[in-house]
Amino acid sequence: MDRKLLLIIIDGVPLRNFRRLFGNLEGWVDSGEAQRWVHRAVLPSISASCYASIHTGVSPQVHGCTGNGNVFRLAQPDVFSQVRKAGGVTGAVAHSFWSEFFNRAPFDYVRDIEYDEPESDTINHGRFHTMTGYGLINQMTPSDVDLFATLTMLCQRYGLNYGMLHTCTLDSMGHRFFHDCQEMDHACAVMDEMLAPFIPKWRAAGYEVIVTADHGQDERGHHGGRGDLQQLTAMYYFGEGRGPERDTEIDQLQLAPTILSRLGAELPETMRGEVFLT
Ligand SMILES: [Zn+2]
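Counting of residues starts from 1 at the beginning of each chain's written sequence and follows it residue by residue. Given that this is a predicted model, residues contribute local features only at a pLDDT of at least 70 and side-chain atom pairs are listed and counted only at 80 or more, while totals for whole chains, interfaces and linings are drawn from all residues. Water and hydrogen atoms play no part in the side-chain values, which are based on all heavy atoms of the structure.

(A) Just the packing of aromatic side chains, in detail. The criterion for an aromatic pair is that two Phe, Tyr or Trp rings (for Trp, the six-membered ring) have centres within 6.5 Å, with stacked assigned to planes under 30 degrees apart, edge-to-face to planes over 60 apart and tilted to the rest. Counting across every chain of the model gives 17 aromatic pairs. With a centroid separation of 5.9 Å and an interplanar angle of 35°, the aromatic rings of Trp98 and Phe102 are classed as tilted. One end of the pair, Trp98, and the other, Phe102, are both in helix 6 (residues 96-102), 4 residues apart, so they sit about a helical turn from each other. Here the aromatic rings of Phe107 and Tyr109 are separated by 6.3 Å at their centres, their planes lie at 90°, and the arrangement is edge-to-face. Aromatic ring contacts, followed pair by pair, group Tyr51, Phe80, Phe97, Trp98, Phe101, Phe102 and Tyr162 into a single cluster. Charge-over-ring contacts are defined here by two conditions on Lys NZ or Arg CZ: a distance within 6 Å of the ring centre and an angle within 35 degrees of the ring normal. If you follow Arg104 out to its NZ or CZ, it ends over the ring of Tyr115, 4.8 Å from the centre. Above the plane of the ring of Phe198 lies Lys201, whose end atom (NZ or CZ) is 5.5 Å from the centre. To qualify as a helix, a DSSP run of H or I must reach at least 4 residues; to qualify as a strand, a run of E must reach at least 2; elements of each kind are numbered from the N terminus.

Have a look at this one:
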């Protein structure tokens, strides 16, 4: 596999907060380095169900993850497994749900917190965190710059063809403070500024980069149901592919087949979403 791509999922960022507060990403849209679309989450628009759909390309009604309390090893082919079949190397820096969905469940704190498994059929290089004890007062999230650095280290050390990073910081902040307040203005700006220096480095290393969220949040910090605030987020793409017009709505189920097509991996017949990059 010659192609390389990184998927950065910033959990729980409604479209309007990406547009209003991520000045670096928006600046790259204006200067032509990035293309931006609207990304609509599946229903339920709850985190675990969305993670499963983002990577399998099938709806929650098919993969069966009904919410954060129902996490198990999924049965469908996914982005990691298809990249492995095509000979690529995969890595993930993420919440432990990603390891349970796509590698093995239940999550064993010692065995699964960090692994390097070159022969794996799914995730070769995993660095996970569980957020055990998470609540309104204590977020239990790592610093985002540490996560971005860890992904960069995996790329450099193991030559990842596909790397996925997921961070819950803004989702946790949004549940606590809601989305139209000084705390969220600041948190989004910090995220944008922490992420920004990594993007040119990843591009220089030959990676295409997609930055998006799994879902939005409404004015009370809620998501899981229907509605533009809960379901809509932005998707930014840095790379040589050409997508549809700016702000075209992309269905969440289109992401997995599009990533595989960029990497030159085979699309399983379960992934029916239309590829949006050529
Ligand atoms: Zn989420």
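Picking up where we left off.
(B) Main features of the coordination of the zinc ion. Because no water is among the atoms considered, metal sites can look incomplete, with donors defined as N, O and S atoms within 2.8 Å of the metal, or 3.2 Å for Na, K and Ca. Taken together, the protein ligands of the zinc ion are Asp11 (OD), Asp11 (OD), Ser47 (OG), Asp214 (OD) and His215 (NE2), with distances of 1.8 to 2.8 Å. Here the donor residues of the zinc ion share one chain and are spaced in sequence as D-x35-S-x166-D-H. Pair noted here: Asp11 is in the loop between strand 1 (5-10) and helix 1 (15-21) and His215 is in the loop between strand 7 (208-212) and helix 12 (228-231), with a separation of 204 residues, a long-range link. This pair shows no difference in class: Asp11 is buried, exactly as His215 is. Throughout this description, buried means an accessible area under 20% of the type-specific maximum (1.4 Å probe, protein chains only), exposed means over 50%, and partly exposed covers the range between.

(C) Molecular detail of the environment of Ala265. Its place among the elements puts Ala265 in the segment after helix 13 (255-263). Here Ala265 falls in the buried class, since its relative accessible area comes to 9%. For Ala265 and Arg3, which are 262 residues apart along the polypeptide, the C-alpha to C-alpha distance reads 9.6 Å.

(D) Quick look at helix 2 (residues 23-31). Within helix 2 the residues assigned to the buried category are Leu25, Glu26, Trp28 and Val29. For helix 2, the angular spread of buried residues about the axis comes to 155°, placing them on one side. Along helix 2, exposed side chains directed more than 90 degrees from the buried face belong to Gly23 and Asp30. Should any heavy atoms of two residues lie within 4.5 Å, those residues are counted as being in contact. The inward-facing, buried residues of helix 2 abut helix 1, strand 2 (35-40), helix 10 (182-195), helix 11 (198-204), strand 7 and strand 8 (232-238). After helix 2 finishes, the residue Gly32 shows a positive phi value of roughly 95°. It is the directions from the helix axis to the C-beta atoms that the arc portrays.

(E) Structural context of the packing of helix 9 (residues 169-177) against helix 10. Axes here refer to lines fitted to C-alpha atoms; in helices the fit is confined to the stretch in contact. Angles between the N-to-C directions go from 0 to 180 degrees. In contact at an axis separation of 10 Å, helix 9 and helix 10 are set at 175° when each is read in the N-to-C sense. Looking at the two axes, helix 9 sits roughly antiparallel to helix 10. Where helix 9 abuts helix 10, its residues Thr169, Leu170, Met173, Gly174 and Phe177 lie against Glu183, Met184, Ala187, Cys188 and Met191. Amino acid classes used here: Ala, Val, Leu, Ile, Met, Phe, Trp, Tyr, Cys and Pro are nonpolar; Asp, Glu, Lys and Arg are charged; the rest, including Gly, are polar. Residues belonging to the contact of helix 9 with helix 10 are distributed by class as follows: 7 nonpolar, 2 polar and 1 charged. For classification purposes, angles smaller than 35 degrees are called roughly parallel, those larger than 145 roughly antiparallel, those between 65 and 115 roughly perpendicular, and all remaining angles oblique.

(F) Representation of the side chain of Gln82 in the model. Mapped onto the fold, Gln82 is located in helix 5 (residues 79-85). Under the relative-accessibility criterion, Gln82 is labelled buried at 4%. For Gln82, the residues in contact, after removing those within four places along its chain, are Pro77, Leu260, Ala265, Glu266, Leu267 and Pro268.

(G) Just helix 13, in detail. For helix 13, the buried fraction is high: 8 of the 9 residues fall into the buried class. Taken as a whole, helix 13 has its buried residues at Leu255, Ala256, Pro257, Thr258, Ile259, Leu260, Arg262 and Leu263.

(H) Examining unusual backbone geometry more closely. With an omega of 0°, the peptide bond between Leu43 and Pro44 qualifies as cis. Tracing the sequence through the fold places Pro44 in the loop between strand 2 and helix 3 (47-56). With an omega of 0°, the peptide bond running from Ala105 to Pro106 counts as cis. The topology assignment puts Pro106 in the loop between helix 6 and helix 7 (109-112). Despite not being glycine, Phe178 has its phi angle at roughly 65°, a positive value.

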